[in-house]
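Spelled out from the first residue to the last, the chains are:
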Amino acid sequence: MSSCSRLSLQARPWKVRASLLLCAALSALAVPAAAQTYPTKPVRVIVPYGPGTAPDSIARIASDGLQRRLGQSFVVETRTGAGGKIGTEAAALAAPDGYTLFLGTKDSQSILAHLYPTWNIKPDRSLVPISGLARIENVLVTRSAFPANSLQDMVALAKTKELTYGTPGVGTNLHLMGELLRSRQGLKLLHVPYSRSFAEALPAVVRGDVDLLVAGLPPMLPFLQDGRAKALAITGTARSRYLPDVPTFSELGIKDLETGGWFGFFAPAGTPAAILSKLEAELALVVKSPEFRSRMETMSAEPWPATPADVSRTIEAETRRWGALIQESRITVN
């Protein structure tokens, strides 16, 4: 029993009041004091995608930075399956004690809940943002010999004949990009999901097995640089420094494709605020460091030092946009 709970009922009233005030002050300091020593054991970082993917690499780079700053291990654990649903659920149900973090994305935080409407997990409420980490633009590409050399040419062609386009799978943000183009422009586009291995889609578009591919920039950049493929448009509010000659969808008049893939660290809801604040402050230093920027450049990515409020606003906007498209296009996951 604590000294605070052993207050004598015989004590004078003013002594009781003083003791209670002291106990309240000590209790208020307890959580911040715990945050000062955090972490005291290894921290698990759940990534809902496979080893070697962009999310996995970004999580490991950020975890390395936290490990050096906080002097404790941050261990990345990939929990794949169901388009990120399995890993997202594992993180959402973890103990909210600061020893489980989550690498969240547009797919996990804004799309999955619309694909699984009866799911008991609501990622936008079950997981709270700590910090943004990085952004990666998405590109619409085709083989070098494809008859269309611009997005406008492709749109004109897809209004007269059916074209196929590949993505990593049904319900991914890359699939939804294709659906947005199809519905907004009235195109004849047939979706070809490469759910088993998206790596197979890259040579497939070069061979002409599919006409188009919607992909993240990092795996596609080598194919574009050596001329095996060509890019028709890219996401973003400004042209990418990695592909400065490729126009954005926005400048070509197609809205709602201003963001590509984004990545951030999250924690289970209920994690102590003092621990979240400490992680936010440390991650801000990690993401703004020259080393982090340099390592992002090797992935054709950009650092995204977003605050929790910034991340929340991004999630809210993406949730509205893609939720409406999923409902309108009646996209379902088997």
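Remember, it's a predicted structure, so these values are computed and weren't measured experimentally. Throughout, a residue's number is its position along its own chain's written sequence, starting from 1. Under the rules for a predicted model, residues below a pLDDT of 70 receive no local features and side-chain atom pairs below 80 are neither given nor counted, while totals for whole chains, interfaces and linings still include all residues. Excluded from the side-chain calculation are hydrogens and water; included are all heavy atoms of the structure.

K.L.:
If you had to explain the overall build of the protein chain to someone new, which residues and values would you point to?
P.N.:
The helix count covers DSSP runs of H or I at least four residues long, the strand count covers runs of E at least two residues long, and both are numbered beginning at the N terminus. The helix and strand tally for the protein chain stands at 12 helices and 11 strands. Here's how the labels work: a residue is buried when its accessible area is under 20% of the maximum for its type, exposed when over 50%, partly exposed in between, all with a 1.4 Å probe on protein chains only. Counting all 334 residues of the protein chain, 49% fall into the buried class. Contact criterion: two residues are considered in contact whenever any of their non-hydrogen atoms come within 4.5 Å of each other. A sequence separation of at least 24 residues applies to 76% of the contacts in the protein chain between residues at least 6 apart. With the model as given, the accessible surface of the protein chain reaches about 15,400 Å², and the carbon-plus-sulfur share is 54%. Note that accessible areas follow from Shrake-Rupley with a 1.4 Å probe, and for residues the cover is restricted to the protein chains shown.

K.L.:
Pulling in residues and values, what's your account of the side chain of Lys 106?
P.N.:
Examined against the element boundaries, Lys 106 turns out to sit in helix α4 (residues 106–115). Judged by relative accessible area, Lys 106 falls into the buried class, the value being 2%.

K.L.:
I'd like to hear about unusual backbone geometry, residue by residue, with values.
P.N.:
Here the bond from Tyr 38 into Pro 39 is cis, since omega is -5°, no more than 30 degrees from zero. Relative to the elements of secondary structure, Pro 39 occurs in the loop between α1 (13–37) and β1 (43–47). Phi at Ala 82 takes a positive value of approximately 55°, unusual for a residue other than glycine. Tracing the backbone through its elements, the reader meets Ala 82 in the loop between β2 (74–78) and α3 (85–92). Here Ala 82 falls in the partly exposed class, since its relative accessible area comes to 40%. Here Asp 256, not a glycine, exhibits a phi torsion of approximately 70°, which is positive.

K.L.:
Please give an account of the sheet that holds β2 that cites residues and values.
P.N.:
Two strands are counted as paired when DSSP detects at least two bridges linking them. Across the sheet, which stays open at both edges, the six strands sit in the order β2-β1-β3-β10-β4-β11 with mixed pairing between neighbours. Taken across any chain shown, the strands that pair with only one partner, and hence form the sheet edges, are β2 and β11 (302–303). Here β1 pairs with β2 via five bridges, running parallel. The residue bridging Val 47 from the neighbouring strand is Thr 78, located in β2.

K.L.:
Please give an account of the packing of aromatic side chains that cites residues and values.
P.N.:
Centre distance and the angle of the planes are the two values used to describe a pair of aromatic rings. The pairing test for Phe, Tyr and Trp rings, Trp by its six-membered ring, is centres within 6.5 Å, and the orientation test on the planes gives stacked under 30 degrees, edge-to-face over 60, and tilted for anything in between. A full pass over the atoms with the stated rule returns three aromatic pairs. When the ring of Tyr 116 is compared with that of Trp 119, the centres are 6.3 Å apart and the planes differ by 65°; the resulting orientation is edge-to-face. Ring-over charges, as used throughout, are those where CZ of Arg or NZ of Lys falls within 6 Å of the ring centre and within 35 degrees of the ring normal. If you follow Lys 85 out to its NZ or CZ, it ends over the ring of Tyr 116, 5.0 Å from the centre.

K.L.:
Let's hear about the pattern of salt bridges: which residues, and what values?
P.N.:
For salt bridges, the criterion is a side-chain nitrogen of Lys or Arg within 4 Å of an Asp or Glu carboxyl oxygen. Under the counting rule described, the total for this entry stands at 20 salt bridges. Among the ionic pairs, Glu 316 bridges to Arg 320, the shortest N-O distance being 3.3 Å. Taken together, the positions of Glu 316 and Arg 320, both in helix α12 (residues 308–329) and four residues apart, correspond to about one turn of that helix. Its relative accessible area of 48% is what places Glu 316 among the partly exposed residues. In this structure, a network of salt bridges that share partners links the residues Lys 106, Arg 184, Asp 256, Glu 318 and Arg 321.

K.L.:
Mind laying out the sheet that holds strand β5 (residues 138–143), listing which residues take part and the relevant values?
P.N.:
The five strands lie next to each other as β7-β6-β8-β5-β9, forming an open sheet whose pairing is mixed. Edge strands, defined here as strands with exactly one partner in the open sheet, are β7 (189–193) and β9 (229–234). Each strand axis lies, on average, 30° off the axis of its neighbour in the sheet, ignoring direction. Helix axes are fitted only over the stretch in contact, all axes being lines through C-alpha atoms; the angle between N-to-C directions runs from 0 to 180 degrees. Of the strands in this sheet, β5, β8 (212–216) and β9 touch helix α9 (residues 217–225), which is tilted by about 125° from β8.

K.L.:
Provide a residue-level description of the nonpolar core, including the pertinent values.
P.N.:
In plain words, nonpolar cores are sets of buried Ala, Val, Leu, Ile, Met, Phe, Trp, Tyr and Cys residues tied together by side-chain atoms within 4.5 Å. Leu 140, Leu 151, Met 154, Leu 212 and Phe 249 are the most contacted members of the largest nonpolar core, which has 45 residues in total. For Phe 249, the residues in contact, after removing those within four places along its chain, are Leu 140, Leu 151, Met 177, Leu 181, Ala 233, Ile 234, Thr 235, Ile 254 and Leu 257. Counting residues in each nonpolar core, the second largest holds 33 residues, with Val 47, Phe 263, Leu 283 and Ala 301 among its members.

K.L.:
Quick rundown of the side chain of Asp 211? Include the residues and the values.
P.N.:
By the element assignment, Asp 211 lies in the loop between α8 (201–207) and β8. The exposure class assigned to Asp 211 is buried, which follows from its relative accessible area of 15%. Any N or O atom pair separated by 3.5 Å or less is treated as a polar contact, with the protein-specific requirement of one donor-capable and one acceptor-capable atom, and with residues adjacent in sequence counted only for side-chain atom pairs. Looking at Asp 211, its side chain comes within polar contact range of the main-chain nitrogen of Thr 164, at 3.0 Å. Leaving out residues up to four positions away in the same chain, Asp 211 has contacts with Val 141, Thr 142, Arg 143, Phe 146, Glu 162, Leu 163, Thr 164 and Val 205.

K.L.:
Before we move on, could you go through α3 and cite the residues and values that matter?
P.N.:
Across the eight residues that make up α3, a large majority, six, are buried. Taken as a whole, α3 has its buried residues at Lys 85, Gly 87, Thr 88, Ala 90, Ala 91 and Ala 92. Against the buried residues of α3 lie β1, β3 (100–105), α4, α5 (123–126), β4 (127–136) and β10 (261–268).

K.L.:
How would you sum up the packing of helix α2 (residues 54–70) against helix α11 (residues 290–297)? Please name residues and give values.
P.N.:
At a closest axis distance of 11 Å, the pairing of α2 and α11 adopts a crossing angle of 165°. It follows that α2 is roughly antiparallel to α11 by the angle criterion. Considering only the axes of α2 and α11, their crossing is right-handed. Touching Ile 58, Ile 61, Ala 62, Asp 64 and Arg 68 of α2 are Glu 291, Phe 292, Arg 295 and Met 296, all from α11. A per-class count over the contact of α2 with α11 returns five nonpolar, no polar and four charged. Orientation labels follow simple angle bins: below 35 degrees gives roughly parallel, above 145 gives roughly antiparallel, 65 to 115 gives roughly perpendicular, and whatever is left gives oblique. In this scheme the crossing of two helices becomes right-handed for a clockwise turn of the near helix relative to the far one and left-handed for an anticlockwise turn of less than a right angle. Each residue is assigned to one class: nonpolar for Ala, Val, Leu, Ile, Met, Phe, Trp, Tyr, Cys and Pro, charged for Asp, Glu, Lys and Arg, and polar for all the others, Gly among them.

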